[in-house]
Amino acid sequence: MYKTQGLKNSRIEVADALRGMAVIGIIIYHAVEHMNTGGPAATLSFPWDSDFFHYLGVIVAGKAYGIFAILFGLSFFIQRDNQEQKGKDFSLRFLWRMFLLLIFGTINVAIFDGDILQAYAIIGVLMIPAGYLSNKWLWAITIFLLLQPLEIITYFTGWQVCSWGDAQWGAITEAHVNGSFLENAWVDLTIAPINNWVFYLLTGRATQTLGLFYLGLLIGRHRLFYNENNNLQIWKVVCIITCIITLVGNNIDLSFGAQRGEPSLSPILTPMVKGAQTIFYISATVLLWYAYDWFKKGLAHICFFGRMSLSNYLLSSIFGSFIFYGWGLGMCLVLGTFWSFWVGVGIVVLQIIILYQWAKYHERGPLETVWRYLTWLPKF
């Protein structure tokens, strides 16, 4: 059973910077995907849009959410450890906190079906028992989860986790492109949550997300984001290994055997490569943060943006769905990938301007303030 080391958990600025980078990546990629409209034909596009989308996906897709997941686990550790050092059990409080996150996620999914907050709230409950495990057991479970156990079972047995028809996907896309706001919200609240869980199960995202949660918890326990002991040497080794996996994985066909009629290994290997690339981004950022003042000063400008990740996430859903959905400006039918990329950049800039003004007078973002207040409101 894990026991706190009794060391102070000071603010980790590099984690705030990483969270800010992840938020920016998520906002831009959602814009390029037209907020999950299914990619209808656009009138303003370029012949090289498909290549641009592909390479942007290689750089961003799944990695920004991976960083988010690891930092979610880190935040759980810090909150739990702070309470343990005061002789308090954080379990019931965290369960309440996840219920509040589920409410935020439900609000968000009514606007944008690609919400992750609901899944984080439900999967996050499994952080509670993990908090009591020793490092040895937690490492073993984390590695097991990151090896894509459900996909391995599917590969060797042919058993399918679940299935989902094209009609449901079509109904969601139709509501996004041509529906009113209320029609869109109804489909998002009834069909989209099931759709999201199917996606999580069919792509290995479910087990990987929990594994990344636990990895963030372990990073917190080992204090790896602090420049102390031999942490930077550890990050150098991790950076080299994950860089090699990333380069190899992104430049070969991961669907071994598929051309011979055998089951494809892509569902197993693709999430692993994305996970390795996520950890490469984190390790490289940590190393550059502590090595170069110019890098640290440059990213310091988005630290406040990362501290307001919940507010940013919901705000981007509002802006993005209004711009691209049929009930708003309907730009999903107008803008191709390249132009949508710059719309995403514009949303990021707009949100930075708005939340920078808020940050002048408030330590936390608007939704972070509400979440924190409600978290500690009940007298558990």
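On a predicted model such as this, the values are computed, not experimentally measured, just so you know. (Residues numbered from 1 in each chain as written. Predicted model: local features only at pLDDT ≥ 70, side-chain atom pairs only at ≥ 80, totals over all residues. Heavy atoms only, no water.)

> For the overall build of the chain, give the residues involved together with the corresponding values.
Summing up its helical and strand segments, the chain has 19 helices and 0 strands in all. Principal-axis analysis of the C-alpha atoms gives the chain an extent of 60 × 55 × 45 Å. Across the 380 residues in the chain, those meeting the buried criterion constitute 47%. (Helix = DSSP H or I, 4+ residues; strand = E, 2+ residues; numbered from the N terminus. Buried < 20%, exposed > 50% of the residue type's maximum accessible area, 1.4 Å probe, protein only.)

> Give me the lowdown on the nonpolar core, citing residues and values where you can.
Leu-101, Tyr-120, Phe-213, Phe-225 and Phe-324 are the most contacted members of the largest nonpolar core, which totals 90 residues. Other than its neighbours up to four places away in sequence, Tyr-120 contacts Tyr-65, Phe-68, Ala-69, Phe-72, Met-98, Leu-101, Tyr-200, Thr-209 and Phe-213. Counting 5 residues, the second largest nonpolar core, distinct from the first, contains Val-109, Ile-172, Val-187 and Ala-192. (Core = buried A, V, L, I, M, F, W, Y, C linked by side-chain atoms within 4.5 Å. Contact = heavy atoms within 4.5 Å.)

> Lay out the pattern of salt bridges in plain terms, naming residues and giving numbers.
Two side chains bearing opposite charge may form a pair once their charged atoms approach each other closely. As enumerated under the stated definition, the model contains 6 salt bridges in all. Measuring nitrogen to oxygen at the nearest pair gives 2.9 Å for the salt bridge that ties Glu-84 to Arg-80. Taken together, the residues span about one helical turn, with Glu-84 and Arg-80 both in helix H3 (residues 63-85) at a distance of 4 residues. On the basis of relative accessibility, which here comes to 22%, the residue Glu-84 falls in the partly exposed class. (Salt bridge = Lys/Arg side-chain N within 4 Å of Asp/Glu carboxyl O.)

> Report on the side chain of Gln-277, specifying residues and quantitative values.
As for its placement among the helices and strands, Gln-277 is situated in helix H14 (residues 266-291). Residue classification places Gln-277 among the buried positions, given a relative accessible area of 4%. Apart from the residues lying within four places of it in its own chain, the contact partners of Gln-277 are Val-58, Ile-59, Lys-63, Thr-246 and Asn-250.

> Give a detailed account of the packing of aromatic side chains, specifying residues and quantitative values.
Inspection of the entire model under this criterion finds 27 aromatic pairs. Between Phe-52 and Phe-341 the ring centres are 5.5 Å apart and the planes differ by 85 degrees, which places this aromatic pair in the edge-to-face class. Taken together, the positions of Phe-52 in helix H2 (residues 49-60) and Phe-341 in helix H18 (residues 337-359) put the pair 289 residues apart, joining distant regions of the chain. Given the relative accessible area of 17%, Phe-341 is considered buried. With a centroid separation of 5.6 Å and 70 degrees between ring planes, the pair formed by Phe-304 and Tyr-356 is classed as edge-to-face. Remark: Tyr-356 occurs in helix H18 and Phe-304 occurs in helix H16 (residues 303-307); sequence separation between them is 52 residues. Residue classification places Tyr-356 among the partly exposed residues on the basis of a relative accessible area of 44%. Put simply, the rings of Phe-46, Trp-48, Phe-52, Phe-338, Trp-339, Phe-341 and Trp-342 touch in pairs and so form one group of aromatic residues. (Phe/Tyr/Trp six-rings, centres within 6.5 Å; stacked < 30°, edge-to-face > 60°.)

> Can you lay out a nonpolar patch on the surface for me, pointing to particular residues and giving the numbers?
Where nonpolar side chains cluster on the molecular surface, the patch consists of Trp-139, Ile-143, Leu-147, Ile-152 and Phe-156 and spans about 490 Å² of accessible area. Secondary-structure elements contributing two or more residues to the nonpolar patch are helix H7 (135-146) and helix H8 (149-157). Looking at the element boundaries, Ile-143 is found in helix H7. Using a relative accessible area of 47% as the deciding quantity, one classes Ile-143 as partly exposed. (Patch = residues over 30% accessible without salt bridge, like charges linked within 9 Å, V, L, I, M, F, W, Y side chains within 5 Å. Areas by Shrake-Rupley, 256 points an atom, 1.4 Å probe, with all protein chains shown as cover.)

> Can you tell me about unusual backbone geometry, naming the residues and giving the values?
The phi dihedral of His-34 is positive, around 60 degrees, even though this residue is not glycine. His-34 sits in the buried class, given a relative accessible area of 6%. With a phi close to 65 degrees, Asn-36 is a non-glycine residue in the positive phi region. The class of Asn-36 is partly exposed, set by a relative accessible area of 27%.

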